[in-house]
Amino acid sequence: MKQNEIISLLSTEEWRKVRHNYHVPNKGMDREAASLALLEVDDIFRELGIKYFLSCGTALGFYRDGDFISWDDEIDIEIFSEVYVPRFEEIKETFISHGFITRATFRGKTSKMAFFKHGIKIATSALYDNGMGYRCDLQQKFPNKYYNNGEKFNFRGRDFILPGPAEEYLTFYYGDWKTPIKSYNPNEYLNKNNNWRK
């Protein structure tokens, strides 16, 4: 069994003891390492035929700054739950086979999975349609229209999809998204109107 597979199978308690070796939260990512990790993730999702959206801080950084936010500590990805949930184990095993540490939390339509490689964390989460015009994860909701088509963003010669129109999505989630706020506390940088909360 390879090392990344062993780490992927650790209990939550054991993982907490070693995770700092693979990712340091609340510390900016190395942008080159993040780019490499994202391109590898994109290769795998393309191989699997799975559409995904770069979201949250990753979408903000790409749209506003043309790159990862210098202090962002992870890459954010959203996938429709009707795609994500039925293929959850396949996704997990595929990423492990490509050398990623994969920490999976299956909880039905709000399942999530984090991949770790090159010192970078890639956080993926399922978004379900609540039947009332929103796509939701465990704690957040976003109007369906942001995911109907999305907005393309070219990074390192490759097209990625952001929720779109990007400016409308970013305003909904962040409020004044044009002003950088260096913080790891969501209460300081997310939209204070809380319309995004479930």
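A short tour of the structure in this document, coming up. From a predicted model like this one, the values you see are computed outputs, not experimental measurements.

Procedures and definitions
Residues numbered from 1 in each chain as written. Predicted model: local features only at pLDDT ≥ 70, side-chain atom pairs only at ≥ 80, totals over all residues. Heavy atoms only, no water. Pairing = 2+ DSSP bridges. Helix = DSSP H or I, 4+ residues; strand = E, 2+ residues; numbered from the N terminus. Salt bridge = Lys/Arg side-chain N within 4 Å of Asp/Glu carboxyl O. Buried < 20%, exposed > 50% of the residue type's maximum accessible area, 1.4 Å probe, protein only. Core = buried A, V, L, I, M, F, W, Y, C linked by side-chain atoms within 4.5 Å. Contact = heavy atoms within 4.5 Å. Phe/Tyr/Trp six-rings, centres within 6.5 Å; stacked < 30°, edge-to-face > 60°.

What follows deals with the pairing of strand E9 (residues 158–162). As paired strands, strand E8 (residues 151–155) and E9 are joined by five bridges and run antiparallel to one another. Opposite glutamate 151, over in E9, you have leucine 162 as the bridge partner. Between E8 and E9, which follow one another and run antiparallel, lie two residues, and arginine 156 among them has a positive phi close to 55 degrees.

A word on the pattern of salt bridges. Scanning all chains against the criterion turns up twelve salt bridges. Among the salt bridges present, the one from arginine 156 reaches glutamate 32, with a minimum N-O distance of 2.8 Å. Here the residue arginine 156 occupies a position in the loop between E8 and E9, and glutamate 32 occupies one in helix H3 (residues 31–48), the gap between them amounting to 124 residues. Accessibility expressed as a relative area gives 44% for arginine 156, which makes it partly exposed. Across the pair glutamate 89 and lysine 92 runs a salt bridge, and its minimum N-O distance is 3.8 Å.

Once that is clear, we can look at the nonpolar core. Within the largest apolar cluster, 51 residues are counted, with the highest numbers of intra-cluster contacts made by Phe45 and Ile75. Setting aside chain neighbours within four positions, we find phenylalanine 45 in contact with Ile50, Tyr52, Ile77, Ile79, Ile91, Phe95 and Phe115. The next biggest cluster of nonpolar side chains, apart from the first, holds six residues, and it includes Leu10, Trp15, Ile101 and Phe116.

The next thing to look at is the packing of aromatic side chains. Inspection of every chain in the model, using the stated rule, returns 29 aromatic pairs. Ring geometry for phenylalanine 53 against tyrosine 147: centres 5.0 Å apart, planes inclined by 90 degrees, an arrangement best described as edge-to-face. Taken together, the residues phenylalanine 53 in strand E1 (residues 53–54) and tyrosine 147 in the loop between strand E7 (141–143) and E8 connect sequence positions 94 residues apart. You'll find phenylalanine 53 and tyrosine 147 in the same group, each marked buried. What links up through ring pairs into an aromatic cluster is the set Phe53, Phe80, Phe142, Tyr146, Tyr147, Tyr169, Phe172, Tyr173, Tyr174, Tyr189 and Trp196.

Right, let's get into the side chain of serine 125. Examined against the element boundaries, serine 125 turns out to sit in strand E5 (residues 120–129). With relative accessibility at 19%, the residue serine 125 sits in the buried group. Those residues in contact with serine 125 that lie beyond four places of it in its chain are Ile77, Glu78, Ile79, Tyr84, Ser111 and Lys112.

Secondary-structure assignment places leucine 138 in the loop between strand E6 (134–136) and E7. Considering only alpha carbons, one finds leucine 138 and phenylalanine 53, 85 residues apart in sequence, at a separation of 17 Å. What leucine 138 contacts, discounting residues up to four positions off in sequence, is Arg107, Thr110 and Lys198.

By themselves, these are just geometric observations and shouldn't be taken as functional.
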